[in-house]
Amino acid sequence: MSGIISDNQGRSSGLVKAAGGGIWTLIGTSEASDDATLDQTGLDSTDYDTYVVVLSSIIPATDPAEPMLRLGDSGGIDSGASDYVFHTAYINPGTSSYQGQESTGANYIKLCPEVGGHANNSEGFCAVLYIGAGRGDSTVAPLVHGTALGERGDGVIQGGHLVGQRVSVITLDRVQFLFSTGDVESGRMSVYGIKHA
């Protein structure tokens, strides 16, 4: 139901209630404690066309390390040498020019350049990633886009927008976060499904 919201005396507040639909449902969350990867299964392609992966306060156990994402189906996480394509565009404070890293054949989607190693341990990494497609009845391979931000060893933050794809059509049911080297020391990964009604 939408309309003008009134207070208990019938006066209009000028606010409008949001229409129904588009509900975010938590599929699962996991907190790292020196884990090789953070994994979430249970992505149900019959209920959702879009998923959101939220990475919060992620710290690498080995410095520096590149944050990465992988996807999978009921057969497991896909990690073939040419399973993914990606482009990561990022900028550092103090510069006005973007830099980028890309691959047309990799075993991961890179989320950000290397992070970690700063002396005061403020070396965190965070990201909000949207995953579209991947349904069993889809003809579109899973697409990933979002934003990421991390702090590198010299204390400079760097981040920006990224796009990537699992190059083959799969029935997506799991997602994995990992670093290019070492474990995930701490932080949290939460995965949400977005309903359209």
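The structure under discussion appears in the preceding block.
Criteria and thresholds
Throughout this description, residue numbers start from 1 for each chain and increase along the sequence as written. Confidence filtering applies because this is a predicted model: local features only for residues at pLDDT of at least 70, side-chain atom pairs given and counted only at 80 or more, and all residues used for totals across whole chains, interfaces and linings. Side-chain measures here rest on the full set of heavy atoms in the structure, leaving out hydrogens and waters. Aromatic pairing here means that ring centres of Phe, Tyr or Trp (its six-membered ring) are within 6.5 Å. Orientation follows from the plane angle: under 30 degrees is stacked, over 60 is edge-to-face, and everything else is tilted. The helix and strand labels rest on DSSP assignments: H or I over at least four residues marks a helix, E over at least two residues marks a strand, and numbering proceeds from the N terminus. Burial status follows relative accessibility: with a 1.4 Å probe on protein chains alone, a residue under 20% of its type maximum counts as buried, one over 50% as exposed, and anything between as partly exposed. Either the NZ atom of lysine or the CZ atom of arginine qualifies as a charge over a ring when it sits within 6 Å of the ring centre and within 35 degrees of the ring normal. In this analysis, strands are considered paired if DSSP registers two or more bridges between them. Only the stretch in contact is used when a helix axis is fitted, and all axes are lines through C-alpha atoms; the angle between N-to-C directions ranges over 0 to 180 degrees. What we call a nonpolar core is a set of buried Ala, Val, Leu, Ile, Met, Phe, Trp, Tyr and Cys residues that are connected through their side-chain atoms within 4.5 Å. It only takes one pair of heavy atoms within 4.5 Å for two residues to be counted as in contact.

(A) Here's a closer look at the packing of aromatic side chains. This structure, assessed with the given rule, holds 5 aromatic pairs. Where Trp24 meets Tyr192, the ring centres are 5.6 Å apart and the plane angle is 50°; that geometry is what we call tilted. In this pair, Trp24 sits in strand E3 (residues 24-35) while Tyr192 sits in strand E15 (residues 184-194), placing the two residues 168 residues apart along the sequence. The class for Trp24 is partly exposed, based on a relative accessible area of 43%. Overall, the relative accessible area of 23% leaves Tyr192 in the partly exposed class. Judged by centre distance (5.2 Å) and plane angle (80°), the rings of Phe177 and Phe179 are edge-to-face. The residues Phe177 and Phe179 share a single accessibility class, namely buried. A connected cluster of aromatic rings, assembled from ring pairs, spans Phe125, Phe177 and Phe179. Seen from the ring of Tyr84, Arg166 lies directly overhead, with NZ or CZ sitting 5.9 Å from the centre.

(B) Quick peek at the sheet that holds strand E5 (residues 50-60). The 8 strands lie next to each other as E3-E15-E5-E11-E12-E13-E8-E9, forming an open sheet whose pairing is antiparallel. One side of each edge strand has no neighbouring strand; the edge strands of this open sheet are E3 and strand E9 (99-106). Pairs of neighbouring strands in the sheet enclose a mean axial angle of 15°, with direction left out of account. Inspection of the sheet shows E5 paired to E15 by 9 bridges, in the antiparallel sense. Considered in E15, the bridge of Ile59 is made with Ser186.

(C) Summary view of the nonpolar core. Judged by nonpolar contacts, the single largest core of 36 residues is most densely connected at Leu55, Leu111, Phe125, Leu129 and Phe177. In contact with Phe177, not counting residues within four places along its chain, are Thr37, Leu38, Leu55, Ile58, Pro67, Met68, Leu111, Phe125, Val184 and Met189.

Structural measurements only, silent on function.
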